[in-house]
Amino acid sequence: MRREKRRHHDLEVWRDALDLVAAVYRATASFPADERFGLTSQLRRAAVSVPSNIAEGMARSGRAELLHFLHIARGSLAEIETQIQIARRLDLLGEDEALDEQLDRVFAKLGGFLNAIKSSHP
């Protein structure tokens, strides 16, 4: 049985957000066990939220709903960025250029997608 392709599957930002989830999971794998329900969980949930909200927005019927979910995804990106800085200050995470670049890439693409949707005619 062949799965139906969904609208969000064509979005580069959604695919890059999936890559960000994998990068966050790899980065948090070495966090101490006592952080499993703390920062590890927070970072992973925020990361999973990004592609999930992009997909949910694309599945909705209206432009306003899409914008709403894209803004939630952008908020989750800000959470990830903040939590990475916290993890670094606590010496749980070192500098990780690949992770930083992946985060920047998703921020940029999501911002571009938001601007394109906002400027398009309803």
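Structure shown above.
The shown structure was predicted, so the numbers you read here are calculated from the model rather than taken from an experiment.

About the criteria used
- Residue positions are given per chain, counting from 1 as you read along its sequence in written order.
- For a predicted model such as this one, the threshold for reporting local features is a pLDDT of at least 70, and the threshold for listing and counting side-chain atom pairs is 80 or more; totals across whole chains, interfaces and linings nevertheless cover every residue.
- Based on all heavy atoms of the structure, the side-chain values leave hydrogens and waters out of the count.
- Helix and strand labels come from DSSP, where a helix needs a run of H or I of at least four residues and a strand needs a run of E of at least two; each type is numbered from the N terminus.
- Exposure is judged per residue with a 1.4 Å probe applied to protein chains only, and the accessible area is read against the type maximum: over 50% gives exposed, under 20% gives buried, and values in between give partly exposed.
- Contact definition: two residues touch when any of their heavy atoms are within 4.5 Å.
- Reported accessibility uses the Shrake-Rupley method at a 1.4 Å probe radius. Residues are deemed covered only where the shown protein chains occlude them.
- A residue counts as positive if it is Lys or Arg and as negative if it is Asp or Glu; His and the chain ends are not included.
- For the purpose of locating charges, the reference atoms are NZ of Lys, CZ of Arg, CG of Asp and CD of Glu.
- Any carboxyl oxygen of Asp or Glu within 4 Å of a side-chain nitrogen of Lys or Arg constitutes a salt bridge here.
- Think of each axis as a best-fit line through the C-alpha atoms, taken over the contacting stretch in the case of a helix, with angles from 0 to 180 degrees between the N-to-C directions.
- Oblique is the label for every angle not falling under 35 degrees (roughly parallel), over 145 degrees (roughly antiparallel), or within 65 to 115 degrees (roughly perpendicular).
- Lys, Arg, Asp and Glu make up the charged group, whereas Ala, Val, Leu, Ile, Met, Phe, Trp, Tyr, Cys and Pro make up the nonpolar group; the residues left over, Gly among them, are polar.
- For a crossing to be left-handed, the near helix must be turned anticlockwise from the far one by less than a right angle; the clockwise case is right-handed.

A. Layout of the overall build of the chain. Looking only at helices and strands, the chain features four helices and zero strands. Tracing the chain from N to C terminus, the helices and strands come up as α-α-α-α. Structurally, the chain occupies a C-alpha span of about 45 × 40 × 25 Å along its principal axes. Taking all 122 residues of the chain together, 42% fall into the buried category. Across the chain, contacts joining residues at least 24 apart in sequence account for 71% of those joining residues at least 6 apart. Element-wise, carbon and sulfur atoms account for 51% of the exposed surface of the chain, whose accessible area totals about 7400 Å². Separation between the mean location of the 18 positive side-chain charges and that of the 18 negative ones in the chain comes to 8 Å.

B. Layout of the environment of arginine 63. Inspection of the secondary structure assignment puts arginine 63 in helix H3 (residues 63-89). Here arginine 63 falls in the partly exposed class, since its relative accessible area comes to 30%.

C. Region of the structure containing the pattern of salt bridges. By the definition in use, this model includes six salt bridges. Between glutamate 12 and lysine 109 there is a salt bridge whose closest N-O contact spans 2.5 Å. Remark: lysine 109 occurs in helix H4 (residues 97-119) and glutamate 12 occurs in helix H1 (residues 12-28); sequence separation between them is 97 residues. Look at lysine 109 and you get partly exposed, because its relative accessible area is 26%. Salt bridges here are not isolated pairs; linked through shared partners, they connect Glu12, Asp16 and Lys109.

D. Summary view of the packing of H1 against helix H2 (residues 39-59). Following both chains from N to C, one finds H1 and H2 inclined at 170 degrees, their axes separated by 9 Å at the closest point. Classed by the angle they form, the pair H1 and H2 counts as roughly antiparallel. Residue-level contacts link Val13, Trp14, Ala17, Leu18, Val21, Val24, Tyr25 and Thr28 of H1 to Thr40, Leu43, Arg44, Ala47, Val48, Val50, Pro51, Ile54 and Ala55 of H2. Across the contact of H1 with H2, the residue classes break down as 14 nonpolar, two polar and one charged.

E. Geometry of the environment of alanine 64. Assignment of secondary structure puts alanine 64 in helix H3. Using a relative accessible area of 61% as the deciding quantity, one classes alanine 64 as exposed. Through-space distance from the C-alpha of alanine 64 to that of lysine 118 is 9.2 Å; in sequence the pair is 54 residues apart.

F. The arrangement of the side chain of asparagine 53 in detail. Within the secondary structure, asparagine 53 is located in helix H2. Ignoring sequence-local partners within four residues, the contact set of asparagine 53 consists of Phe69, Ile72 and Ala73.

G. Structural view of the environment of serine 30. Positionally, serine 30 belongs in the loop between H1 and H2. When the C-alpha positions of serine 30 and leucine 114 are compared, they lie 34 Å apart, and in sequence the two are 84 residues distant.

H. Just the packing of H1 against H4, in detail. H4 packs onto H1 with a crossing angle of 155 degrees between their chain directions and a minimal axis gap of 9 Å. Of the possible angle classes, the one that applies to H1 and H4 is roughly antiparallel. At the point where H1 passes H4, the crossing takes the left-handed sense. Contact with H1, carried on its side by Glu12, Val13, Asp16, Ala17, Asp19, Leu20, Ala23, Val24 and Ala27, involves Leu99, Gln102, Leu103, Arg105, Val106, Lys109, Leu110 and Phe113 of H4 and no other residues of that element. Across the contact of H1 with H4, the residue classes tally to 11 nonpolar, one polar and five charged.

So, to be careful, I would describe these as geometric facts and stop short of saying anything about function.
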